[in-house]
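Coordinates in review
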Amino acid sequence: MQRIRGRAADALRPLKMMRGFQKGPAGSVLIEMGRTRVICAASVEDRVPYFLRGTGTGWIKAEYALLPSATSTRTPREACQGRQSGRTQEIQRLIGRSLRSVVDLAALGERTIALDCDVIEADGGTRTAAITGAFVALVEACASFYEKGKTFPVKDFLAAVSVGLAQDGEPILDLCYEEDSTALVDMNVVMTGAYDFVEVQGTGEGRPFSRREMADLLALAEKGVDELIARQKDALGGELVWKVGRIG
């Protein structure tokens, strides 16, 4: 099939990650996947939710927002409406539990790392871009308080990508909005560096899909995540990559 801008079926969109995009947070990155752009920031708080007080265990939480001008049709600010949409709550819970899956919460100590993911331009795959970018910001934030000889809180790498079946049934990687809106099957996959699944969200939008098609999509997602993790390592640099998974 002929994809938008001539991209191969198994190719990611052009990807950029700019670390240190904001001065204030302990970790921050601007991630661009094609025309989707998300600012991911990680702030360290020396406190934990009430249910963790006195346990010596930390916490990871996430907030997600779509700026009004991020899409071609303006989206009103949720703060002005007095409540978050179900979609926003779903996505920020996904980001939080995805990042917690690769964090040793005991190694955090009684700290909370708040991950803020703000979409400044949306062209499909905002939740997967947010997870991939937030991981980089998280590692950077953990490095700000890490003491040599102790366990680094981040145990493994983590990234997320979308896959789907195009109108002709061909599996495609990293869907933009136009592809996502017409796909027969749409799936978001979150995986660790050890190729373990954290989350698989798949829907037959145009028709049901077979076990074989699902296997093909998961294999394509694994390829995409592998490439994304390689790019995360490039963005972090050798010293921070070395810290991930360190025990003592």
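Residues numbered from 1 in each chain as written. Predicted model: local features only at pLDDT ≥ 70, side-chain atom pairs only at ≥ 80, totals over all residues. Heavy atoms only, no water.

Attention now moves to the UniProt feature "binding site: phosphate" (unreviewed entry) in the protein. Look at the UniProt record and you will see "binding site: phosphate" (unreviewed entry) annotated at Arg87, Gly125, Thr126 and Arg127. The greatest C-alpha distance among the annotated residues, which extend across 41 residues, is 13.5 Å, indicating that they converge on a single site. Here arginine 87 is to be found in helix 2 (residues 86-100). By relative accessible area, which is 39% here, arginine 87 ends up partly exposed. The contacts of arginine 87, once residues within four sequence positions are left out, are Tyr64, Thr126 and Arg127. Residue classification places threonine 126 among the buried residues on the basis of a relative accessible area of 6%. (UniProt positions renumbered as here; feature names shortened; annotations may be inferred. Helix = DSSP H or I, 4+ residues; strand = E, 2+ residues; numbered from the N terminus. Buried < 20%, exposed > 50% of the residue type's maximum accessible area, 1.4 Å probe, protein only. Contact = heavy atoms within 4.5 Å.)

For the rest of this paragraph, the subject is the sheet that holds strand 4 (residues 59-66). What the 5 strands build is an open sheet, ordered 1-2-3-5-4; its pairing is mixed. Strand pairing shows two members of the sheet lacking a second neighbour, strand 1 (15-19) and strand 4, which therefore form its edges. Going from strand to strand, the sheet's axes swing by 15° on average, the running direction of each strand aside. Two strands pair when backbone bridges link them, and strand 2 (residues 27-33) and strand 3 (residues 36-45) are joined in this way by 7 bridges, in the antiparallel orientation. Across the sheet, the residue bridging to leucine 30 is isoleucine 39, located in strand 3. The strands that helix 2 touches are strand 4 and strand 5 (112-121); relative to strand 4, the one it contacts most, it runs at about 145°. Packing of helix 6 (residues 211-236) onto the sheet brings it into contact with strand 1 and strand 2, and relative to strand 1 it is tilted by some 30°. (Pairing = 2+ DSSP bridges. Axes fitted to C-alpha atoms, helices over the stretch in contact; angles between N-to-C directions.)

Between its first and last C-alpha atoms helix 2 spans 21 Å; for 15 residues at 1.5 Å apiece the expected length is 21 Å, and the two agree. When we look at burial in helix 2, the residues that qualify are Thr88, Ile91, Gln92, Leu94, Ile95, Gly96, Ser98 and Leu99. (Expected span 1.5 Å × (residues − 1).)

Moving on, we come to the packing of aromatic side chains. What describes a pair of aromatic rings is the distance from one ring centre to the other and the angle between the planes of the rings. Inspection of the entire model under this criterion finds 4 aromatic pairs. Ring centres of tyrosine 50 and phenylalanine 51 lie 5.8 Å apart, and the angle between their planes is 90°; this geometry places the pair in the edge-to-face category. Through successive ring pairs, a cluster of aromatic residues spans Tyr50, Phe51 and Trp59. Its end group placed over the ring of phenylalanine 145, arginine 111 keeps NZ or CZ at 4.0 Å from the ring centre. The residue whose ring lies beneath lysine 233 is phenylalanine 157, and the NZ or CZ to ring-centre distance is 5.0 Å. (Phe/Tyr/Trp six-rings, centres within 6.5 Å; stacked < 30°, edge-to-face > 60°. Lys NZ or Arg CZ within 6 Å of the ring centre and 35° of its normal.)

Within this numbering scheme, the UniProt entry marks residues 12-141 and 157-224 as carrying the feature "domain: Exoribonuclease phosphorolytic" (unreviewed entry). In residues 12-141, the share of helix is 30% and the share of strand is 31%. The end C-alpha atoms are 27 Å apart. Secondary structure across residues 157-224 divides into 29% helix and 40% strand, with the first and last C-alpha atoms of the span separated by 14 Å.

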